[in-house]
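Examination of the molecular architecture
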Amino acid sequence: MNTMMNETNKGDRAYENFLKGYNCTQAVAVAFAEELGLDEQTAARLSGGFGGGIGRMREVCGTFSGVVMVLSALYGYSDPKDVNAKKALYEKIREVAKRFKSENGSIICRELLGLDRMEDSAAPEPRTPEYYKKRPCPELCRSAARILEEFIRENS
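Residues numbered from 1 in each chain as written. Predicted model: local features only at pLDDT ≥ 70, side-chain atom pairs only at ≥ 80, totals over all residues. Heavy atoms only, no water.

Let us look at the pattern of salt bridges. Counted by the stated rule, this structure contains 17 salt bridges. Ionic pairing is found between Glu 95 and Arg 99, a salt bridge with its closest N-O pair at 2.8 Å. Here Glu 95 pairs with Arg 99, and both are found in helix α7 (residues 83-104), just 4 residues apart, close to one helical turn. A relative accessible area of 23% means that Arg 99 is categorised as partly exposed. Each of Arg 56, Arg 58, Glu 119, Glu 125, Lys 134 and Arg 135 takes part in salt bridges that share partners, so that together they form one network. (Salt bridge = Lys/Arg side-chain N within 4 Å of Asp/Glu carboxyl O. Helix = DSSP H or I, 4+ residues; strand = E, 2+ residues; numbered from the N terminus. Buried < 20%, exposed > 50% of the residue type's maximum accessible area, 1.4 Å probe, protein only.)

Given below as structure tokens:
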């Protein structure tokens, strides 16, 4: 994890990743690929379906899904009977969720986007200048990755 502190700010990397065309979850996961022991392509593939609030259903914000993936990889458990490890992971996730909600108001995609229901279509919108003007997603990517980077630094 020490390599993370020597690299470019993870928030800026996640922001840039979104602008490259990655979805919100991928933008965060790819920013932390090295810490996860993954190449960027594998991180993008594993996180791809969580974008748009999971399959563009506008449920849990994809940036926060990326956060959960990273926290699970770094602090997770594999023994299904290890309730203490499960509790410890859930506590970390809840703490980061609290910070994200405090800064952004919610961890629910449609609430962050000001929508009142799930999208009718699974098709992603074209990434046009108008898209970027109306969507807070790049900044949410930055926020999620920055909060996560700070949390990891505090807990290493």
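Let's pick the thread back up.
Soluble, globular proteins show a tendency: their nonpolar side chains are buried together. Counting residues in each nonpolar core, the largest one holds 32 residues, and the members touching the most others are Phe 32, Phe 64, Val 67, Leu 71 and Phe 100. Elements represented by at least two residues in this core include exactly α2 (10-20), α3 (24-31), α6 (62-75), α7, α8 (109-113) and α10 (137-154). At 9 residues, α10 tops the list of elements feeding residues into this core. The residues contacting Phe 100, other than those within four sequence positions of it, are Cys 61, Thr 63, Phe 64, Gly 105, Ser 106, Ile 107, Leu 112, Leu 140, Ser 143, Ala 144 and Ile 147. (Core = buried A, V, L, I, M, F, W, Y, C linked by side-chain atoms within 4.5 Å. Contact = heavy atoms within 4.5 Å.)

Below, the discussion takes up the state of the cysteines. Cysteine pairs can be covalently joined through their sulfur atoms, and such a bond is termed a disulfide. Tallied over the entire structure, the rule returns 0 disulfides. The thiol sulfur of Cys 24 is not disulfide-bonded, and the nearest other cysteine sulfur, from Cys 61, lies at 5.7 Å. Cys 24 supplies the cysteine sulfur nearest to Cys 137, a cysteine that is in no disulfide, at a spacing of 6.0 Å. (Disulfide = S-S within 2.5 Å.)

Right, let's get into the packing of aromatic side chains. Following the criterion strictly, the structure yields 5 aromatic pairs and no others. With 6.2 Å between their ring centres and 85° between their planes, Phe 18 and Tyr 132 make a pair best called edge-to-face. Of this pair, Phe 18 sits in helix α2 while Tyr 132 is found in helix α9 (residues 129-134), placing the two residues 114 residues apart along the sequence. In this structure Phe 18 comes out as buried when scored by relative accessible area, which is 2%. Each residue in the set Phe 18, Tyr 131 and Tyr 132 is aromatic and connected to the rest through ring pairs, giving one cluster. Sitting above the plane of the Tyr 75 ring, Lys 92 keeps its charged end 5.2 Å from the centroid. Directly above the aromatic system of Tyr 15 lies the positively charged group of Arg 142, at a separation of 3.9 Å from the ring centroid. (Phe/Tyr/Trp six-rings, centres within 6.5 Å; stacked < 30°, edge-to-face > 60°. Lys NZ or Arg CZ within 6 Å of the ring centre and 35° of its normal.)

The topology assignment puts Ala 97 in helix α7. Here the alpha-carbon distance between Ala 97 and Val 68, two residues 29 residues apart in the chain, equals 9.2 Å. Beyond its immediate sequence surroundings of up to four residues, Ala 97 is in contact with Phe 64 and Ile 107.

Position of Arg 135 among the secondary structure elements: in the loop between α9 and α10. Note on Arg 135: relative accessible area 10%, which makes it buried. A polar atom in the side chain of Arg 135 sits 2.6 Å from the side chain of Glu 125. Ignoring sequence-local partners within four residues, the contact set of Arg 135 consists of Arg 58, Leu 113, Glu 119 and Glu 125. (Polar contact = N/O pair within 3.5 Å; in protein donor to acceptor, adjacent residues only side chain to side chain.)

Bringing the packing of α2 against α10 into the picture now. Contact geometry for α2 and α10: axes closest at 7 Å, N-to-C directions at 150°. Relative to α10, α2 is oriented roughly antiparallel. With respect to the hand of their crossing, α2 and α10 are arranged in right-handed fashion. Counted together, Lys 10, Gly 11, Asp 12, Ala 14, Tyr 15, Phe 18 and Leu 19 of α2 and Cys 137, Pro 138, Glu 139, Cys 141, Arg 142, Ala 145, Arg 146 and Glu 149 of α10 form the full contact between these two elements. (Axes fitted to C-alpha atoms, helices over the stretch in contact; angles between N-to-C directions. Parallel < 35°, antiparallel > 145°, perpendicular 65-115°, else oblique. Left-handed = near helix turned anticlockwise from the far one by under 90°.)

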